[in-house]
Amino acid sequence: TSSPSSQPTKNPTSTVISGELDVPIVPHSTETLAVLLPPSQLHRLLTISQVSSNNDHAVPVGRSYDGYNWQTLHPLLLDIECTESSCILAIPPNAGIVAMHYLIEEFTPDPATTDEELAKLLLQGTYGPTLESLEEAKSLGSAVAWVQDQMSKPITSLREHYRKRVSAYAKTDLHHHATRPPCEAGSRWQRHAFNRWRDIGKTIEEVSNRSGSYYLKVDGIVRTEVATPPSAEFSLGVTSYVICRPDRDNAGMNKMSDFYQHEVSGEQGTLLVAANADGCIMPISIDMPAVYFSDTDDAFGGSIPSVNLVSLADPYVFEAKVLQDINSPFTCDDFKATWPNFVIDNDTGLFYLEDRRVELYDNTDGERTQKKRLLEGRCTQSPRTFLNEDTCVPRSDCSPPVFGGDFILNADNLRKFYEVDGKYVYRLQNLPLVGTSAPCKTNSNRFVRKNAGEDGSGCSSGNTDFSSIVSAIETSLTSLDSQERNDVRVLDIEDVSMNCEDSLDETLGASFTATIPGTNNLSCWTHSYYREWSVFVMNDWVANHPGNPRFFRESKPNPIAVVAEHENTSKSNEESVSLSYPPWSFHQWNFHNNRWRFESELVGSWGDTIAFDDLPPSAKSANVVTALGGTVLAESSAVVEVCGSPGEVANDPNLGNQYLLQKYGDAEEEFASTLDQDHDRWYANHMVWNTVSLNSPDQLRQRVAWALSSIFVVTQNDIAREADVEPWAVYYDIFVRNAFGNYFDIIKEVSFSPLMGEMLTYEGSKSFAYQVERNGAQLFPDENFAREIMQLFSIGLYMLNQDGSKQIVNEQPVSTYTNEDIVNFSRGWTNFAHQEDERDNIEVDWSFGWIPN
């Protein structure tokens, strides 16, 4: 570096004068005036102001105190350049009609008190002093002691703060998130008899009981007992009525019932109802009933578990409590896997209805990682990276269990998935023939016997003109044994030509009468879509299908969930496991165009024999396997490496549901209103930052993190993830964790952050050779990050002297890098991609589907 000059170098056309105390300085009319500012002394404050001609108005320009360099001030922000020995102010020319001058003044403030000195320290090192922080600083005795104390305080992680306060509503277990079992400590319970999200569109039925009162039932399950039925109390005119959520009321606004019960004040919410969904345009408001049963034996055929419930830490959430423990002799066996469950609070004697919520698991360290109920019963874990490799441990208890045995895909067996484990496992039927060729035009065909037991005379309107198709069906049946021929319902005839011509597609979706080989019995087989009568796990689409919000807004029950949940009056399990597609009526292409979403959830075809170990991960559970006659051969199949993730703590139900959790399955506009304290979903990430920054004890760390984040900028303007919280918290925690660390670690973590990869566009960047060889395109790697990591994050644009001034050669500043450097470095920032495996146990933006760390 070059040696610094003794004075700052101003424009050679400038006039340089020495500024003196209380002597007006008049600016030139045509050129800049350079003023050599006097130095301040210890316990002295010097200011320079722009003063009007009549001295009635002054605008601050700069200040210096205690011998420190001069600082420029708002609003003028005039240029002040300083060396180790002097500072020069550049006063611009004043060619206007308004006369003014500049004045340097000296002030001798009263000696600062200890409180004032410490308050000044806290103003600089925290987000603002409080009485408590001031007293703490005084007790430490000095600024040095305060800084040391701040650096030793535990880290307050934004991600941890967020995750602990997430207790999101979830209708069912999702692929990436499990619901908390009702018998587990922390499960959530409510006093009101109907649920804000599960019951919209459901029908309440009034049924008199033997005690002379009335049960209010939904899906055949008693929800509460009332002395006077609402139909009489509110003159409804019907004893069966729908719970409404009007899409628009008379004022043109969406409207929801008020779901709450406040035992202390006796206040209760309201429930909007109508005779049917169409009537929900003008619903009737009735009182929200609390959960009550005079005789649980009559209502349920047995006792309700007695438990100890505690209030949430948030005093404003008065209608909900969480489970502390279960009272003997009751155990988890007394709770259902399906919603709803009921309990009686041992302390108050009041009844409560289950309010099922998401359970997040602790995955901060491989040693503590919990085994997950979903995904084959394995442990949740993060892929190994340089960030978490120190947390990775081999675990013999974290791989999926090994199951033995098999079962048949029939109605009784499929129903057990719901009854035992709350899984929506359905046979899909009536799928449109989208993308399907007529049998004569393809060698791969599916035929389904849909009316077995009623087709002894063959098809009522079968196609008799294509005998070769009938022959192919009978030949396929011949390959089966006699029992299988009678039981089989789905025939997949692969790699077989039908040897027919069908220019008019008469065989597409047609039915064919075939004789069952070895008998004189006839059967009817219908040409079908290739997944007709296939069995799928539908949990994700119970929550996620885009048709569900439409039904919700129209006050209709969830069209996928209702198949399993409705009261089965026919007593045939086939009714409760068969989903006629599409129930939404508006999108015949929906299944075909989104079939990639389903394939991983395919169980098999109706009537198939399936080995338990071959079930999709989302369907596997020890409870279901044993209920279907299988066995658990081993609790864990292999030793696996389990890695944690910084800040991936469990949620704490006692802290309530303060922030929105984006889940794969959020297709519902109402989910932001499930929060215990409503706020706009787009502001959640700001709320997390504000709450932690203003209230965390490690204030100095948080201030340093803010300064670092102002260098390594990512913005919502450039990354369309406004509703997400956890990815932003993960990114900001880079600076929180490394606030007192080294700069290299920060740059490395930032470089591998998906947010920065999107912000500076190097995610997915490919080398020139790759583009030529794979795509035949002469495209260079993205240069954005290669440039900014030098210009913004490290060496800057120009070489500097030791005093921070620019190095000048031939009257030009010396550049730190060239365009050739950018091109070369861009090659190193290629082939960055998001983790391929979608993580569970974190906030998942299903429209993007990437891992935050």
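Shown above is the structure to which this text applies.
Residues numbered from 1 in each chain as written. Predicted model: local features only at pLDDT ≥ 70, side-chain atom pairs only at ≥ 80, totals over all residues. Heavy atoms only, no water.

Draft legend 1. Layout of the pairing of strand 28 (residues 444-448). In terms of burial, strand 28 is a largely internal element, four of the five residues being buried. Pairing of strand 28 with strand 29 (residues 490-494) involves five bridges; the strand directions are antiparallel. Residue pairing across strands places Arg446 opposite Asp492, the latter belonging to strand 29. Note that strand 28 and strand 31 (residues 522-528) share three bridges and pair antiparallel. Paired with Phe447 across the strands is His527, a residue of strand 31. (Buried < 20%, exposed > 50% of the residue type's maximum accessible area, 1.4 Å probe, protein only. Helix = DSSP H or I, 4+ residues; strand = E, 2+ residues; numbered from the N terminus. Pairing = 2+ DSSP bridges.)

Draft legend 2. View of helix 2 (residues 131-140). Buried within helix 2 we find Ser133, Leu134 and Ala137. Buried residues along helix 2 cover an arc of 100 degrees about the axis, so they all sit on one side. Among the exposed residues of helix 2, those oriented more than 90 degrees off its buried face are Leu131, Glu132 and Ser139. If you follow the buried residues of helix 2, they end up packed against helix 1 (114-125) and helix 3 (143-152). Two residues or fewer after helix 2 comes Gly141, characterised by a positive phi angle close to 95 degrees. (Arc of directions from axis to C-beta. Contact = heavy atoms within 4.5 Å.)

Draft legend 3. Geometry of the sheet that holds strand 29. Read across the sheet, four strands follow the order 29-28-31-30 without closing on themselves; strand pairing throughout is antiparallel. Only two strands of the sheet have a single neighbouring strand rather than two, namely strand 29 and strand 30 (511-515). Between one strand axis and the next, the sheet turns by 35 degrees as a mean value, whatever way the strands run. Relative to strand 31, strand 30 runs antiparallel, the two being bridged by five bridges. Looking across to strand 31, one finds that Thr513 is bridged to Cys524. Where helix 8 (residues 467-478) meets the sheet, its contacts fall on strand 28, strand 29, strand 30 and strand 31, and the angle it forms with strand 30 comes to roughly 50 degrees. (Axes fitted to C-alpha atoms, helices over the stretch in contact; angles between N-to-C directions.)

Draft legend 4. Molecular detail of the pattern of salt bridges. For the structure shown, the criterion picks out 39 salt bridges. Close ionic contact of Glu389 with Arg384 constitutes a salt bridge, the shortest N to O distance being 4.0 Å. Overall, the relative accessible area of 38% leaves Glu389 in the partly exposed class. Since its relative accessible area comes to 46%, Arg384 is described here as partly exposed. As a salt-bridge pair, Lys556 and Glu554 come within 3.2 Å of each other at their nearest N and O atoms. (Salt bridge = Lys/Arg side-chain N within 4 Å of Asp/Glu carboxyl O.)

Draft legend 5. Layout of the packing of aromatic side chains. Enumeration according to the criterion identifies 33 aromatic pairs in this entry. Here Tyr65 and Tyr68 contribute two aromatic rings whose centre-to-centre distance is 5.6 Å and whose plane-to-plane angle is 65 degrees, an arrangement assigned as edge-to-face. Among the residues examined, Tyr68 registers a relative accessible area of 52% and is labelled exposed. Clustering of aromatic rings is evident, with ring pairs tying together Phe386, Phe712, Tyr731, Tyr732, Phe735, Tyr743, Phe752, Tyr762, Phe785, Phe793, Trp829 and Phe832. Positioned above the aromatic ring of Phe386, the side-chain terminus of Lys748 is 4.4 Å from the ring centre. (Phe/Tyr/Trp six-rings, centres within 6.5 Å; stacked < 30°, edge-to-face > 60°. Lys NZ or Arg CZ within 6 Å of the ring centre and 35° of its normal.)

Draft legend 6. Region of interest: the environment of Leu409. As for its placement among the helices and strands, Leu409 is situated in the loop between strand 26 (406-408) and helix 7 (411-421). Since its relative accessible area comes to 1%, Leu409 is described here as buried. A sequence separation of 372 residues divides Leu409 from Leu37, and the C-alpha atoms of the two residues are 89 Å apart. Discounting chain neighbours no more than four positions away, the residues touching Leu409 are Leu414, Val535, Val603, Gly604, Ser605, Trp606, Gly607, Asp608 and Ile610.

Draft legend 7. The arrangement of the nonpolar core in detail. Grouped together as the largest cluster of nonpolar side chains are 42 residues, with contacts concentrated most on Phe712, Val714, Tyr731, Phe735, Val750, Met756 and Phe785. Here the element with the most residues in this core is helix 18 (residues 726-737); it accounts for seven residues. Once residues lying within four places of it in the same chain are set aside, the contact partners of Phe712 are Tyr731, Phe735, Tyr743, Ile746, Ile747, Val750, Met756 and Phe793. Core analysis: the next-biggest nonpolar cluster, separate from the first, contains 28 residues, Trp197, Tyr215, Val226 and Phe293 among them. (Core = buried A, V, L, I, M, F, W, Y, C linked by side-chain atoms within 4.5 Å.)

Draft legend 8. Seen up close, the packing of helix 1 against helix 2. With their axes 10 Å apart at the nearest point, helix 1 and helix 2 run at an angle of 110 degrees to one another. Comparing the axis directions of helix 1 and helix 2 gives the class roughly perpendicular. Helix 1 and helix 2 meet at a crossing whose hand is right-handed. Contact residues: Asp115, Leu118, Ala119 and Leu122 in helix 1; Ser133, Leu134, Ala137 and Lys138 in helix 2. When its residues are assigned to classes, the contact of helix 1 with helix 2 shows five nonpolar, one polar and two charged. (Parallel < 35°, antiparallel > 145°, perpendicular 65-115°, else oblique. Left-handed = near helix turned anticlockwise from the far one by under 90°. Nonpolar A, V, L, I, M, F, W, Y, C, P; charged D, E, K, R; others polar.)

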